[in-house]
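A look at the structure
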Number of protein chains: 2
Amino acid sequence: MSDVVLAGVGMTPFGKFPAATNGSLARAAVAEALADAGVEPPAVEAVFAGNAVAGLITGQEMVRAQVALAGSGIAGVPFFNVENACASASSALHLAVRSVASGQYDCVLALGVEKMTHPDKARSFAAIGTAVDVEAAAAAVAAGGGAPKDRSPFMDLYAAETERSMETLGAEVADFAAVSVKNHAHGARNPRAQYGSEVTLEEVLGSRMVVPPLTLLMCSPIGDGAAAAVVLSAGRARELGVGTPVRVLASVVRSGDPAGRMPPAPSRAATAAYDEAGVGPDDLDVVEVHDAAAPAELAAYATLGLAGTDSPAALLRSGATRLGGRVPVNPSGGLLARGHPIGATGIAQVVELVDQLRGRAGDRQVPGARVALAHNNGGVVGADAAAATIHVLAR
Amino acid sequence: MSDVVLAGVGMTPFGKFPAATNGSLARAAVAEALADAGVEPPAVEAVFAGNAVAGLITGQEMVRAQVALAGSGIAGVPFFNVENACASASSALHLAVRSVASGQYDCVLALGVEKMTHPDKARSFAAIGTAVDVEAAAAAVAAGGGAPKDRSPFMDLYAAETERSMETLGAEVADFAAVSVKNHAHGARNPRAQYGSEVTLEEVLGSRMVVPPLTLLMCSPIGDGAAAAVVLSAGRARELGVGTPVRVLASVVRSGDPAGRMPPAPSRAATAAYDEAGVGPDDLDVVEVHDAAAPAELAAYATLGLAGTDSPAALLRSGATRLGGRVPVNPSGGLLARGHPIGATGIAQVVELVDQLRGRAGDRQVPGARVALAHNNGGVVGADAAAATIHVLAR
């Protein structure tokens with residue numbers, strides 16, 4: 001895997017942009033990534049594009065990337081529309097990385113884009129709810145008296161999981177609030193974050209209750225955005241004189257075991273990624289994790305082995321995962337504060353890590369960061385994540 | 001590419017199956033393909049799954065394959081949901097083939113599945129209509145007085161293209177009817193075809209006018225179905241003692257140029273595929289083409305160079321593309337008679353060709369077939385196909 005390089009990255013600000021389309025968002029992120037890499041559009045040999053819900057939000061069910069990138073200058077080459085729920089972009093990136101690692105291509109574009117906002121907010125929530133077995137979910141909703149209209153049904157799953165896992169995580173509700181406080185503090189330093197302000201513990205705990213114990217500020221928001229990465233062979237990167245190439249040490253995708261007999265998909269992905277990268281948790285300088293709700297960040301500490309013999313909550317309380325700590329987690333603000341346009345998130349994490357590894361992360365720079373990890377999950381089938389991806393990057 | 005083998009294929013009958021789901025269809029096709037290959041479900045190392053419109057038909061917008069294959073015995077490994085409109089399955093197959101060709105995997109499953117029928121037929125037609133830029137199409141429809149409710153808006157595109165191309169094809173309307181007669185005659189010999197009966201020229205010409213000059217029997221039907229292929233490295237195929245392995249000589253995907261400055265995507269794909277396979281049109285013993293409407297089969301003759309210096313219509317009239325002719329086209333019945341559950345079609349073509357190359361195609365066997373080609377297109381963006389794929393296979 002040492003021969004694959006992320007030569008350029010780009011992303012739009014994340015937020016609610018009523019006038020934006022998947023096309024306008026995608027083209028902006030792609031143009032920035034290509035410029036960052038010093039690559040002209042016609043040099044792109046293939047496109048792997050993640051998007052999760054355009055079929056339900058904009059009605060563009062098919063050939064999403066071909067439509068979004070019409071007029072971008074990238075045409076004719078193979079396009080693949082890739083979907084794995086909230087791990088769509090990282091799955092697209094994985095396929096891009098593998099296609100270069102195999103020698104098939106030297107210059108590939110990975111894209112994640114999502115227009116999630118809709119004038120009817122219930123439609124956005126309903127769309128998010130299709131990252132599970134919708135037939136089984138409909139039966140459960142019918143038995144339970146109807147679908148929630150004021151939240152993603154996913155938050156109900158997160159809340160139930162949270163109740164089950166608080167003891168394992170060593171966590172109290174205040175810890176979940178503290179995750180949100182930390183990530184909003186990080187996001188306040190990220191000009192592209194959806195939330196640009198710090199929040200206090202009291203504000204998080206006092207915000208509207210979504211599903212106990214999760215308050216609004218413990219849940220990732222609905223938003224729009226796109227993120228892109230230019231994946232080059234090491235040889236092409238040398239030819240182009242890419243200044244600070246970021247190497248891909250590992251790119252791993254796993255799906256869940258609906259029957260729950262295997263370890264959870266994110267754990268299997270992490271084990272495989274550490275093995276592929278030849279690094280361990282202690283080698284990580286900076287990490288982005290899938291904090292779709294605040295408790296999920298603590299679960300990710302456990303999944304990734306960041307806490308050693310401590311509990312995840314103890315790691316959080318120690319300050320190690322804050323900017324300035326031993327292993328900052330979610331310096332971008334994470335899903336909670338940077339935002340979570342679901343099909344874009346997996347590459348947005350990688351954009352942050354590339355910026356960190358290149359030393360251009362501004363006010364949120366992790367000094368001397370050399371090894372970074374992105375952890376991204378998508379969907380739920382049975383008792384497990386439908387998709388789990390890990391990327392390990394290094395300069 | 002000589003080191004990749006299609007070791008087993010399977011498909012459901014194609015047709016209108018109100019009680020079927022994407023899951024029931026997918027699991028049936030996959031079980032048949034695995035049994036054909038002599039591979040147990042846990043031996044599958046990755047899944048590439050094509051589906052085009054589940055988000056709009058069943059509501060399963062995300063993690064479609066993980067949901068469809070829950071309970072199939074394939075779990076935990078990487079799953080990728082791949083979409084390229086009517087070329088979704090062949091795009092999934094391409095990624096599966098490349099992932100084995102690169103040495104990343106030795107045993108990969110490629111799947112195409114589509115539940116297209118819906119109690120409200122207008123919903124099926126509307127779903128098919130999302131294989132174009134839906135925003136541009138909506139503007140065109142608004143300008144034109146509203147969307148058709150009794151047909152796929154795609155047929156309007158095909159009709160317009162037909163009017164433009166009749167001279168180039170050397171074709172009259174009777175030739176389009178003759179394509180349908182031929183393919184229905186082939187389909188009548190295919191127990192899995194949606195239409196199991198022959199039709200006469202008079203019946204085709206006399207069937208309901210959909211959009212002039214296309215009558216109902218010149219258009220592929222709406223239907224449900226799934227098709228699967230087990231892709232093995234040559235080494236794994238030898239270990240497993242696969243009896244008559246079918247080699248993949250070429251697997252090519254191209255996207256369109258919305259601006260129309262490049263040659264059409266299907267032509268570029270065909271050129272690249274012949275080059276990759278090291279064969280030409282004269283080497284083909286049997287061909288499956290994307291006859292979504294009857295004129296498209298004649299256009300495919302030109303794209304693939306099947307007619308030499310003759311016109312496509314002259315090739316058809318010569319009988320060369322009938323079973324028993326020099327290069328039978330669409331022995332399965334093609335999209336017109338076998339059926340066209342859009343996300344399944346690209347692999348259904350390959351199922352037919354593998355059966356032909358293995359000499360097990362029953363009443364429609366092409367004697368001694370050794371080299372076969374599948375031609376599959378998906379969507380339209382601007383002036384070109386959004387996706388075009390070609391697979392060349394040999395025994």
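In case you missed it, the structure is sitting above this.
The residue numbering used here restarts from 1 in each chain and proceeds along that chain's sequence as written. Here the convention is simple: chains get letters from A, ligands get numbers from 1, in the order in which they are written. In view of the model being predicted, local features appear only for residues whose pLDDT reaches at least 70, and side-chain atom pairs are presented and counted only at 80 or more, with totals across whole chains, interfaces and linings using the full set of residues. Neither water nor hydrogens contribute to the side-chain values; these are computed over all heavy atoms in the structure.

1. Some points on the overall build of chain A
Starting at the N terminus, helices and strands are each numbered in turn, a helix being any DSSP run of H or I of at least four residues and a strand any DSSP run of E of at least two. A tally of helices and strands in chain A yields 15 helices and eleven strands. The dimensions of chain A, computed from C-alpha atoms along their principal axes, are 55 × 45 × 40 Å. The contacts of chain A with a sequence gap of at least 6 include a subset with a gap of at least 24, amounting to 78%. When the accessible area of chain A is evaluated, it comes to approximately 12,800 Å², of which 54% is carbon and sulfur surface. His is not counted, nor are the chain ends, whereas Lys and Arg count as positive and Asp and Glu as negative. Here the site of a charge means atom NZ of a Lys, CZ of an Arg, CG of an Asp or CD of a Glu. Averaging the positions of the 29 positive and the 38 negative side-chain charges in chain A gives two centres separated by 3 Å. Between two residues, a contact is recorded if the distance between any of their heavy atoms is within 4.5 Å. All accessible areas in this document rest on Shrake-Rupley with a 1.4 Å probe, and a residue is counted as covered only by the protein chains that are shown.

2. Considerations on the pairing of strand β8 (residues 246-255) of chain A
Residues and elements named next belong to chain A. Buried residues dominate β8, accounting for eight of its ten residues. When strand β1 (residues 4-11) meets β8, the two strands line up antiparallel, connected through two bridges. Considered in β8, the bridge of leucine 6 is made with valine 246. Strand pairing is defined by DSSP finding a minimum of two bridges between the two strands. Relative to strand β11 (residues 384-394), β8 is paired through eight bridges, and the arrangement is antiparallel. Its bridge partner lying in β11, arginine 254 is registered against alanine 388. Three exposure classes are used, based on accessible area relative to the maximum for each residue type with a 1.4 Å probe and protein chains only: buried under 20%, partly exposed in between, and exposed over 50%.

3. Brief notes about the interface of chain A and chain B
Contact residues are listed per partner, giving 57 residues for chain A and 57 residues for chain B. Across the chain A/chain B interface, buried area totals approximately 3,900 Å², and carbon plus sulfur atoms make up 59% of it. The largest per-residue losses of area from chain A upon contact with chain B belong to Glu61, Met62 and Phe80 of chain A, which jointly make up 17% of the total buried on that side. Salt bridges are defined by distance alone: a side-chain nitrogen of Lys or Arg within 4 Å of a carboxyl oxygen of Asp or Glu. There are two salt bridges connecting chain A and chain B. With a closest N to O distance of 3.1 Å, arginine 64 of chain B and glutamate 61 of chain A form a salt bridge. Here a polar contact is recorded for every N or O atom pair within 3.5 Å, except that within protein the pair must consist of a potential hydrogen donor and a potential acceptor, and residues adjacent in sequence are included only if both atoms are side-chain atoms. Applying the counting rule to chain A against chain B returns 34 residue pairs in polar contact (both at pLDDT 80 or more). The leading source of residues in the side of chain A that touches chain B is strand β3 (residues 79-83) of chain A, at five residues. One ladder, built from three bridges, connects β3 of chain A with strand β3 (residues 79-83) of chain B; its direction is antiparallel. Directly across from glutamate 83 of chain A, in β3 of chain B, lies its bridge partner asparagine 81 of chain B. Using a 1.4 Å probe, buried area is obtained as the accessible area two parts lose upon being combined, added over both of them.

4. With respect to the pairing of strand β2 (residues 46-50) of chain B
Residues and elements named next belong to chain B. Where burial is concerned, most of β2 is hidden: five out of the five residues are buried. Sheet analysis places β2 next to strand β4 (residues 107-115), joined by five bridges and oriented parallel. Residue pairing across strands places alanine 46 opposite valine 108, the latter belonging to β4. The pairing of β2 with β3 spans four bridges and is parallel. Residue pairing in the sheet places alanine 49 in a bridge with asparagine 81 of β3.

5. Regarding the nonpolar core
Side chains of a nonpolar character, in soluble globular proteins, are inclined to be buried together. Counting 96 residues, the largest nonpolar core has Leu304 and Val392 of chain B as the members making the most contacts within it. For leucine 304 of chain B, the contacting residues outside a window of four places in its chain are Ala270, Tyr274, Pro281, Val287, Val289, Leu373, His375 and Ile390 of chain B. As used here, the term nonpolar core means buried Ala, Val, Leu, Ile, Met, Phe, Trp, Tyr and Cys residues forming a set that is joined through side-chain atoms within 4.5 Å. With 80 residues, the next largest nonpolar core counts Ala369 of chain A together with Ala89, Val351 and Leu353 of chain B among its residues.

6. Things to note about the environment of alanine 31 of chain A
Residues and elements named next belong to chain A. For alanine 31, the position within the fold is in helix α1 (residues 22-37). What makes alanine 31 partly exposed here is its relative accessible area of 45%. Between the alpha carbons of alanine 31 and methionine 11 there is a distance of 9.2 Å; along the sequence they are 20 residues apart.

7. Here we look at the relation of the copies chain A and chain B
Superposing chain A onto chain B takes a rotation of 180 degrees plus a shift of 0.0 Å along the axis, which leaves an RMSD of 0.0 Å. Classification of the inter-copy transformation places it as that of a two-fold axis. A symmetric contact is evident, with 100% of the interface residues of chain A recurring at the interface of chain B. Here the copies were fitted onto each other by least squares, based on C-alpha atoms from residues at pLDDT of at least 70 in both.

8. Overview of the environment of valine 253 of chain B
When you line up the elements, valine 253 of chain B lands in strand β8 (residues 246-255). As for valine 253 of chain B and serine 91 of chain B, which are separated by 162 residues in sequence, their C-alpha atoms are 6.8 Å apart.

9. Some points on the packing of aromatic side chains
Residue and element names in this part refer to chain A. When two rings of Phe, Tyr or Trp (its six-membered ring) have centres within 6.5 Å they constitute a pair, described as stacked for plane angles under 30 degrees, edge-to-face for angles over 60, and tilted for the intermediate range. Taken as a whole and assessed by the stated rule, the structure comprises two aromatic pairs over all chains. Look at phenylalanine 48 and phenylalanine 80: their rings are 5.1 Å apart centre to centre, the planes differ by 20 degrees, and that puts the pair in the stacked class. Placement of phenylalanine 48 in strand β2 (residues 46-50) and of phenylalanine 80 in strand β3 is noted, with a sequence separation of 32 residues between them. Overall, phenylalanine 80 belongs to the buried group, its relative accessible area being 1%.

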